[in-house]
Amino acid sequence: MKPARTKSGYLGITARGILMGAADAVPGVSGGTIAFMTGIYEELIFSLKQCSISALRMLFQDGLKAAWQHINGSFLLALFTGIILSILTLTRVVLFLLDKHPILLWSFFFGLILAAVWSVLRHVEKWSMGIIATFLGGAVSAFLITTISPTTIETSPLVVFLSGMIAICAMILPGISGSFILLILGLYAPMLTAVKELQLVTLCVFASGCVAGLLSFSHVLSWMFNHFKTMTLALLGGFMLGSLNKVWPWKQTIETVIDRHGKEIPIVQHNILPHTFETLHSQPAYLGFAIALMLLGMGMVIALERLGQKPADNE
C-alpha cells in the first residue's frame, strides 16, 4: 500500500492529481473515476484512512517522520498538489469548454466514463446474483441522483462546511460527481466564484468540511475494500454506469435560472437524440466530432489503464 517511489514516480502521482482536479470541475464527472483508472484508488483510500488519532499520537510519541510515513504523506502531498494546481489553473479551461463547446466536452467524458465502467468491472472475477444486484443498485442510485433538480440554500459558513463534507465524499466515489452534488445544493456557482476571486474565508471553511468528510468516509471505503472488495467494485461500476445519464451530450433545457452576472444557467435538462437536438435548437449536433471524442475518451481510458498497471513505486 505504501511503495517506495522515485522523484519521477511522485511526478506521476501529481499528474494523476491534475487529471482528478480537472475531472472534478465538471458536474457529472468524478475524480475518483480517474484515481481508479490510474491505479491509485485503493492506496488513496488507505492513506486517507491512516490520517486518524493514531497518526496524531504517533506524531507526539515517535516524531514527524514516523507519522509522515504512517499516513503515506509524500503520496498524499504529491496527489493533492496536483489537484489544487488543477483547480487553480486547468479548471478554467475545462469550464470555458463546458460553456463554449458543451457537446464536445460531454462527448469526451461520456466515452471516458463508458470505458471506465469496463475498466472497473473487468476486475470483478466472479459474478453472482448478489454482485449483479449490487451493480444494478449502484447504477439506479447514481441515475436517480443525476435526475435531482438543483435547489437554492443560503450560503452560510455551516452550509459551506457541510457541503464540503458531502461533496468530497462524492468526489472520491467513482461515478458520483462532487461538482454535481454542489450543483444540486445550489453551491456550485458560489464555490467557483470563491475559487476565482480567492475568497479565503469561504475556501478555508469548505476545505475544513472536505477534510472532515475525507477522514470519516475513507474509513468506510477502506473497510468495504478489505471485506467486500468484489461487491464494492460492482457497486462503483454501477455508480459510473448510472452517471452516464448526466454526461449525455445532447440535452433539452427545461428550466433555467439567472445568476448574479445576468447569465442564464440551465438547472433542469432532458436527454435527447442528436437529430432532435438539431430540430429543437436549429444548431448542428456535431455528431461526427462527438463520436470521435467519445472514442478519444475511450482511448484515454486504455492509456490510463496502462499507466495504472505500471509499478506505482518506480514510474
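Residues numbered from 1 in each chain as written. Predicted model: local features only at pLDDT ≥ 70, side-chain atom pairs only at ≥ 80, totals over all residues. Heavy atoms only, no water.

Engineer: Honestly, the packing of aromatic side chains in this entry has me stumped. Any pointers?
Structural biologist: Geometry of an aromatic ring pair is reported as the spacing of the ring centres plus the angle between the planes. Summed over the entire model, instances satisfying the criterion amount to seven aromatic pairs. With centroids separated by 5.3 Å and ring planes inclined at 65°, the aromatic side chains of Trp-248 and Trp-250 adopt a geometry described as edge-to-face. Residue class for Trp-250 comes out buried when judged on its relative accessible area of 2%. Of the aromatic side chains, those joined through ring pairs into one cluster are Phe-36, Tyr-41 and Phe-225. Taking the ring centre of Trp-118 as reference, the NZ or CZ of Arg-122 above it sits at 5.3 Å. Across the ring face of Trp-106, the terminal group of Lys-251 is positioned such that the distance to the ring centre comes to 5.7 Å. (Phe/Tyr/Trp six-rings, centres within 6.5 Å; stacked < 30°, edge-to-face > 60°. Buried < 20%, exposed > 50% of the residue type's maximum accessible area, 1.4 Å probe, protein only. Lys NZ or Arg CZ within 6 Å of the ring centre and 35° of its normal.)

Engineer: Looking at this model, I keep getting lost on unusual backbone geometry. Mind explaining?
Structural biologist: In this model, Asn-72 sits at a positive phi of 60°, which is unusual for a non-glycine residue. Accessibility expressed as a relative area gives 7% for Asn-72, which makes it buried. With a phi close to 50°, Tyr-286 is a non-glycine residue in the positive phi region. Relative to the assigned elements, Tyr-286 resides in the loop between α15 (274-281) and α16 (287-309). Among the residues examined, Tyr-286 registers a relative accessible area of 42% and is labelled partly exposed. (Helix = DSSP H or I, 4+ residues; strand = E, 2+ residues; numbered from the N terminus.)

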